[in-house]
Amino acid sequence: MKPAPLPEHSAPRRHRRWWLLVPPLLALGLVVGARAFVADVYTIESGSMLPTVRVGEHVLVRYSLPAHLERFDLVVFRPEGDGQPMVKRVAGLPGETILIDAGDLVIDGRKLAGDAARPDPTPLFDDRFHDPRQFFQLDLAPAGPWTVAGPRDPGGSRMDVDASGVRRGSDAGLAFFHKDVRDGYLEADGTRVPGLAQVGDAVVTTDFSVPRVSPEAGALRLRWRLVEAGDTFEVVLGEGRAVLVRRPGQDAPSDELDARPLDLEGTGEHRLRFANVDDQLEVWLDGERILAAAYGGNRPFLGVTSGGDRTSAPRVAFGAEGGRASFRNVRIGRDLHFTGAGTYGVERPLQLGLDELFLLGDNSTDSADSRYFGPVPLERVIGVPVAVTRPWARSRWLGKGRSAAGDGIGRDRSGIKITQDS
């Protein structure tokens, strides 16, 4: 008896089963190829780049470099030997000389220009989270001119001052920030992480408004103050002008650095940003730069302690004289600050080769970077971190102006170690 012949469709069925494996194999190949040649995800394991990226965050790294690297770009590189890849920020570019001086970068003998692209200021105070009465020295009503309400997240606090009886030039109508400006930062929930090093470069931003009908019209003057190493700078709006001044002493007349006509009486709410970064002052009003000046080093007015680490005067203040005003959305921040630890580029200018970068960590007091191991050849740079992908609640793009508050300050001095996700 002959065996029954195989069904004619058996061979084609096996053929079809083989083809079912093609799509997943192709997808797997694409994933493996992408991870090998296009991009991959890494995990941050230490805190030398806080608050830009945090310990435990997952970062997407693109395995290619832009046509032209720019200062403050983020990069990933492999250190010499078998070390894990590290994330750092570009501080010095090929062919430049670089020196770290009092926290600032000196490139080819000069501090950075006022219009140079920089990362956003690192936040130190935010009235959405902090009660101004706990951070500012101010005389509250009924004995004093200030009334404070809030904070009311997301609206923040409101600070009203009736300085109608405050004489011209008196500080009685000012609110003084009584915390140090150090290299700390804010966590995402507003918790303050204390810093170690005093930072010279500070930025204050406030929204403000004045009454639409003011019996003191012409007498009202609004003031913002920044102090660095005892050097006192002020912005004054009032009497039809905006003026940027430097106060050399209590009884000496102020030096006028810049001025322009301006009348804001009764015109609603405005936003002012006053920055002192790299020996350059800038004042922005409603998104327009209205005043600017550069100065060649600090000239103390109120002085600093003998150790030079703690100023004897508040670093930030604002308020009014001769009238009433309201302030809200108060933010105080600092510039990146690089300490003088290490060997390279800290005592004398360092000349970079035509294929070398000088890389630094944002959390300078806890970062092993080019100050310790020297310039990094371009060939060791493997990619650019473009985004934080996990945790999902903290996912965000990364770049010069995109940072987030960190979780804490590491103490391992090992730099940011990142290990490849499995």
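Since the structure is predicted, the reported quantities are computational estimates derived from the model, not experimental observations.

A. Structural view of the environment of Phe 318. Residue position: Phe 318 is located in strand β23 (residues 316-321). Since its relative accessible area comes to 0%, Phe 318 is described here as buried. Each C-alpha atom, one on Phe 318 and one on Arg 223, is 5.4 Å from the other, the two residues being 95 residues apart in sequence. The contact partners of Phe 318, leaving out residues within four places of it in the chain, are Phe 136, Trp 146, Met 159, Gly 173, Leu 174, Ala 175, Thr 206, Arg 223, Trp 224, Phe 327 and Val 330.

B. Inspection of the nonpolar core at higher detail. Core analysis: the biggest nonpolar cluster contains 46 residues, and Phe 136, Leu 222, Trp 224, Leu 237, Phe 274 and Phe 327 have the highest contact counts within it. Residue contributions to this core peak at 4 residues, all from strand β24 (residues 324-334). Core analysis: the second largest hydrophobic core is formed by 14 residues, Ala 91, Leu 112, Phe 338 and Leu 352 among them.

C. View of the side chain of Asp 104. By the element assignment, Asp 104 lies in strand β6 (residues 104-107). On the basis of relative accessibility, which here comes to 4%, the residue Asp 104 falls in the buried class. Separated by 3.0 Å, the side chains of Asp 104 and Lys 111 make a polar contact. Setting aside residues no more than four positions away along its own chain, Asp 104 makes contact with Leu 99, Lys 111, Asp 201 and Asp 278.

D. Fine view of the confidence of the model for the protein. Of all residues in the protein, 79% attain a pLDDT of 70 or more, and the chain-wide mean is 83. Note on residues 25-37: pLDDT is under 50 here. Beyond four places in sequence and across chains, it has 9 contacts. A low-confidence stretch, residues 401-422 (pLDDT under 50), is modelled with 92 contacts involving residues beyond four sequence positions or located in other chains.

E. Examining the pairing of strand β12 (residues 174-177) more closely. Of the two faces of β12, both are covered, the one formed by Leu 174 and Phe 176 as well as the one formed by Ala 175 and Phe 177. As paired elements, strand β9 (residues 136-137) and β12 share 2 bridges and run antiparallel to each other. Across the sheet, residue Gln 137 finds its bridge partner in β12, namely Phe 176. With 4 bridges joining them, β12 and β23 adopt antiparallel strand pairing.

F. Structural context of unusual backbone geometry. Pro 51 follows Leu 50 through a cis peptide bond whose omega is 0 degrees. Each neighbour pair has its own omega, and for Arg 390 with Pro 391 the value is 0 degrees, a cis peptide bond. Assignment of secondary structure puts Pro 391 in the loop between β28 (381-390) and β29 (396-397). With a phi angle near 50 degrees, Asn 329 is a residue other than glycine that sits in the positive phi range. When you line up the elements, Asn 329 lands in strand β24. A relative accessible area of 11% means that Asn 329 is categorised as buried.

Scoring rules and cut-offs
Residues numbered from 1 in each chain as written. Predicted model: local features only at pLDDT ≥ 70, side-chain atom pairs only at ≥ 80, totals over all residues. Heavy atoms only, no water. Helix = DSSP H or I, 4+ residues; strand = E, 2+ residues; numbered from the N terminus. Buried < 20%, exposed > 50% of the residue type's maximum accessible area, 1.4 Å probe, protein only. Contact = heavy atoms within 4.5 Å. Core = buried A, V, L, I, M, F, W, Y, C linked by side-chain atoms within 4.5 Å. Polar contact = N/O pair within 3.5 Å; in protein donor to acceptor, adjacent residues only side chain to side chain. pLDDT = per-residue confidence, 0-100. Pairing = 2+ DSSP bridges.

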